[in-house]
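For reference, the chains in residue letters:
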Amino acid sequence: MLIFASTYDVVVIGGGHAGTEASAAAARSGARTALVTPSLSNLGVCSCNPSFGGIGKGTMIREIDALDGLAGRIVDRAGIHFRVLNRKKGAAVWGPRAQIDREIYKKEMKAEVLATPGLGVLEGKVADIVTTPGTDGVRKKVVGVKLESGEILDCKKVVITTGTFLGGEIHVGLEVFPSGRMGEAATFGLSKSLKEAGFQLGRLKTGTPPRLDKATIDFSRLEQQPGDVPPTPFSYLNDAVRVQNQLHCWGTETNAATHKIIEQNLDKTVHIRETVKGPRYCPSLESKVIRFRHRDSHKVWLEPEGFDSNVIYPNGISMTVPEGVQDAMLHTIIGLENVKMLQPGYGVEYDYVDPRNLRSSLETKLISGLYLAGQINGTTGYEEAASQGIVAGINASLASQGKGQMILGRGDGYIGIMIDDLITKGISEPYRMFTSRSEYRMSARADNADLRLTTKGRLAGIVGDTRWQHFSAVAAEMQELQTILESVKMSSTAWMKKGFKVHENATKRSAFDLLRLCGVTIDSLIAHVPRIAVFSPKVRDRVSIESTYTPYVEQQKAAICGLERDDQLKLPDDLDYSTIYGLSMEEMRALEATRPESIGMARRCEGVTPSGALRLLAFVRGSRDRDRRLGMMEEVSLRSQEKAEV
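What counts as what
- Residues numbered from 1 in each chain as written.
- Predicted model: local features only at pLDDT ≥ 70, side-chain atom pairs only at ≥ 80, totals over all residues.
- Heavy atoms only, no water.
- Helix = DSSP H or I, 4+ residues; strand = E, 2+ residues; numbered from the N terminus.
- Rg over C-alpha atoms; globule rule 2.2 N^0.38 Å.
- Buried < 20%, exposed > 50% of the residue type's maximum accessible area, 1.4 Å probe, protein only.
- Contact = heavy atoms within 4.5 Å.
- Areas by Shrake-Rupley, 256 points an atom, 1.4 Å probe, with all protein chains shown as cover.
- Lys, Arg positive; Asp, Glu negative; His and termini not counted.
- Charge placed at Lys NZ, Arg CZ, Asp CG, Glu CD.
- Expected span 1.5 Å × (residues − 1).
- Pairing = 2+ DSSP bridges.
- Axes fitted to C-alpha atoms, helices over the stretch in contact; angles between N-to-C directions.
- Phe/Tyr/Trp six-rings, centres within 6.5 Å; stacked < 30°, edge-to-face > 60°.
- Lys NZ or Arg CZ within 6 Å of the ring centre and 35° of its normal.
- Polar contact = N/O pair within 3.5 Å; in protein donor to acceptor, adjacent residues only side chain to side chain.
- Salt bridge = Lys/Arg side-chain N within 4 Å of Asp/Glu carboxyl O.

Engineer: Even after reading the chapter, I still don't get the overall build of the chain, so can you show me in this structure?
Structural biologist: A tally of regular secondary structure across the chain gives 18 helices and 23 strands. Since a compact globule built from 646 residues should have a radius of gyration of about 26 Å, the 27 Å found for the chain is in line with a globular shape. Each principal axis of the C-alpha atoms in the chain carries an extent, and together these give about 100 × 80 × 50 Å. Residue burial in the chain is summarised as follows: out of 646 residues, 56% are buried. Long-range pairs, those at least 24 residues apart, make up 73% of the contacts in the chain between residues at least 6 apart in sequence. Carbon and sulfur atoms form 53% of the exposed surface of the chain, whose accessible area is close to 27,600 Å². The chain carries 82 positive and 77 negative side-chain charges, and their two centres are separated by 4 Å.

Next comes the structure, spelled out in structure tokens:
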């Protein structure tokens, strides 16, 4: 809804993927929330590719959904092409992915945000953060935001989600002009405010490919890629996506002629300068040509932007060379010989804040009540932004109500891993999520995000009744089926007589254990455990996956418990690292720059050695022992005084 009040619990700046999730989460958890955006019509707009998910990223969308977030449900309504990447491999590395219709996604997201109770949307731009001295006399605290119109919105907490608009500039060839997205103005006031407040800012860059006219592409010469049948929904609330008749994607590739044109024009683009880092794992075509000179070709996927759209997004060839060069380059690619370019590719350079300035709640260390989420923290991608948005929104809301923060650790899933990586290691290039970043990917899978996070979200007050009831019913069914399977135990000889190829030994195996054997499916057990048939295929599949990973999950639980013990050993905010004997200068600098919240985080800081972490642990334990002894001595002294007075 549109409301125009002047006092809020939480104000969210920016209406992109981080901002929509942050504002909805804050309102969902009980805070009176305002979302300030330059354009109401651009809520949830997809600036670059028309897709969500992928390896690691798809799991993050599932985790957002498990916390009752928006993205998964909106993708299921707007999806036009669904695929699970790595389907032939184990479920631990599956990557749910979907192409979306841009206009439907934007329409559905806008409707969802405007219908959220307790959330008001204001069109405008924020010029400054209003602060006042904090109670500790050192940290400032947020008390409001000042709009460019001069109006001040009083609030308790602020979440900044400005994306690439913070000091943004667009590059096409040698042309440079201020903008956060083609046709939209950048934001400069906030950059100045953050610098003056003491935040360390840097510059990053990203890019987007040209857009193509579908009618001018020769699809007969291209590789066709259909979607999965049936498509797999992102949201745990959905058994099916809205549209079953999916659109196809098509594959082609660059060639030597393509690369030659790019090489001959590298001097005509400012965007490829190495002083500002771009995304290593989603590089521009210029970067590919420079870094992979031995490659004769690079894959290009032609992705439709919607059911009624004539626009094709060529995934894999973001570029910033001049418009005429882009046009000539496109015509060298098979199927694109006569293509018409609707919009040239361009690069965006923007400000980011060193994420080591953040706590694990995504609150800044310098200003109390100020939270940052999305590309302002040095990440790239819709999924990473939305994941930070929901965490920042939840914690801003909880803090505004005087409640404890909801912290996601590395053992909780990919969102926790991303946040921990950002705040302990910082970034030297745009951060992107992969399954390889997780040491717990056997237990943190795309299929079980609800089992990991929905209860945690419910305890924090951000999971609604509808989702909780649905989750509780599914979890109960899964547990019931697992119990049934575990109750059916036989010797290896007995299972062999029933046709199952098991190793002959004295160990009794349950039907649940049998699911880990190659070639055994849960449906193949129905003849021997008839009660399996009463459960839905969805529940059966999930229990089967749980069986496969149970031994590995048990092993990882022990590692996660150790991690959590370290993370519970908190470090003082004002700890003087120079007083800790044995730390190297490099370790002191790393710890001063990061100011980790716990021993666990200190262990994971770049530049901190295992021996340095042990010295820090000994220092903290010694300090605790000294404090305990002093406390006991004070208590004894106090009791002695009381006896003397008597």
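Engineer: Could you clarify how one ought to interpret helix α9 (residues 382-400) in this entry?
Structural biologist: Think of an α-helix as turning once every 3.6 residues; residues three or four places apart then point the same way. Given a rise of 1.5 Å per residue, 19 residues ought to cover 27 Å, and the 27 Å separating the end C-alpha atoms of α9 matches this to within 8%. With 18 of 19 residues buried, α9 lies mostly within the body of the structure. Residue G402 follows α9 closely and has a positive phi angle near 75 degrees.

Engineer: Got a minute to help me understand the pairing of strand β9 (residues 152-160) in this structure?
Structural biologist: Note: strand β1 (residues 7-13) against β9, 6 bridges, orientation parallel. Counterpart to V10 in the pairing with β9 is K157. From the end of strand β8 (residues 140-147) to the start of β9, which pair antiparallel, there are 4 residues, and G150 there has a positive phi angle of about 100 degrees. With 3 bridges joining them, β9 and strand β21 (residues 370-372) adopt parallel strand pairing. For I160, the partnering residue across the bridge sits in β21 and is L372.

Engineer: Can you help me understand the sheet that holds strand β17 (residues 311-315) in this one?
Structural biologist: What links the strands of a sheet is backbone hydrogen bonding, and the strands pair in either a parallel or an antiparallel sense. Pairing is antiparallel in the open sheet, where 6 strands are placed in the order β14-β15-β16-β17-β13-β18. In this open sheet, the two edge strands, each paired with only one partner strand, are β14 (223-225) and β18 (341-343). Across the sheet, the axes of successive neighbouring strands diverge by a mean angle of 35 degrees, strand direction being ignored. By the bridge criterion, 3 bridges tie β14 to strand β15 (residues 249-253) in an arrangement that is antiparallel. Paired with Q224 across the bridge in β15 is W250.

Engineer: What's the story with the packing of aromatic side chains in this structure? I'm lost.
Structural biologist: Think of a pair of aromatic rings as described by two things: how far the centres are apart, and how the planes are tilted against each other in angle. A complete count under the given rule lists 6 aromatic pairs for this structure. Here the aromatic rings of F219 and W250 are separated by 4.2 Å at their centres, their planes lie at 45 degrees, and the arrangement is tilted. Linking F219 in the loop between β13 (211-213) and β14 with W250 in strand β15, this pair joins segments that are 31 residues apart in sequence. For W250, a relative accessible area of 12% gives the class buried. Here the aromatic residues F52, Y105 and Y382 are joined through ring pairs into a cluster of three or more. Stacked on the ring of Y236, the Lys or Arg R62 has its end atom at 5.5 Å from the ring centre.

Engineer: Looking at this model, I keep getting lost on the environment of L514. Mind explaining?
Structural biologist: Here L514 shows up in helix α14 (residues 511-514). Residue classification places L514 among the buried positions, given a relative accessible area of 0%. Note: C-alpha distance between L514 and E486 (28 residues apart in sequence) is 9.7 Å. Ignoring sequence-local partners within four residues, the contact set of L514 consists of W495, F500, V502, R509, V520 and L525.

Engineer: Explain the environment of D76 to me, please; I cannot follow it from the model alone.
Structural biologist: Along the chain, D76 turns up in helix α3 (residues 71-78). Separated by 167 residues in the primary sequence, D76 and V243 have C-alpha atoms spaced 8.3 Å apart. Only 2.8 Å separates the side chain of D76 from the backbone nitrogen of F234, close enough to count as a polar contact.

Engineer: Can you help me understand the sheet that holds strand β19 (residues 346-353) in this one?
Structural biologist: If you walk across this open sheet you meet the 4 strands as β11-β10-β19-β12, and the pairing is antiparallel. Unpaired on one side and paired on the other, β11 (175-178) and β12 (201-208) mark the two borders of the sheet. Pairwise comparison of adjacent strand axes, ignoring direction, gives a mean angle of 25 degrees for this sheet. Relative to β19, strand β10 (residues 169-172) runs antiparallel, the two sharing 3 bridges. Looking at the pairing, H171 lines up with G347 of β19.

Engineer: What is the right way to look at the pattern of salt bridges in this model?
Structural biologist: Once their charged atoms are close, side chains differing in charge can pair, the charge on each being opposite to the other. Taken as a whole and assessed by the stated rule, the structure comprises 41 salt bridges. Among the salt bridges present, the one from E112 reaches R77, with a minimum N-O distance of 3.2 Å. Of the two residues, E112 sits in helix α4 (residues 102-114) while R77 sits in helix α3, which places them 35 residues apart along the sequence. Residues K299 and E223 are paired through a salt bridge, measuring 2.7 Å at the closest nitrogen-oxygen approach. Here E223 lies in strand β14 and K299 lies in strand β16 (residues 299-304), a separation of 76 residues in the sequence. Taking the relative accessible area as the measure of exposure, E223 reaches 39% and is therefore partly exposed.

Honestly, that's just the spatial picture; any functional story needs more than this.
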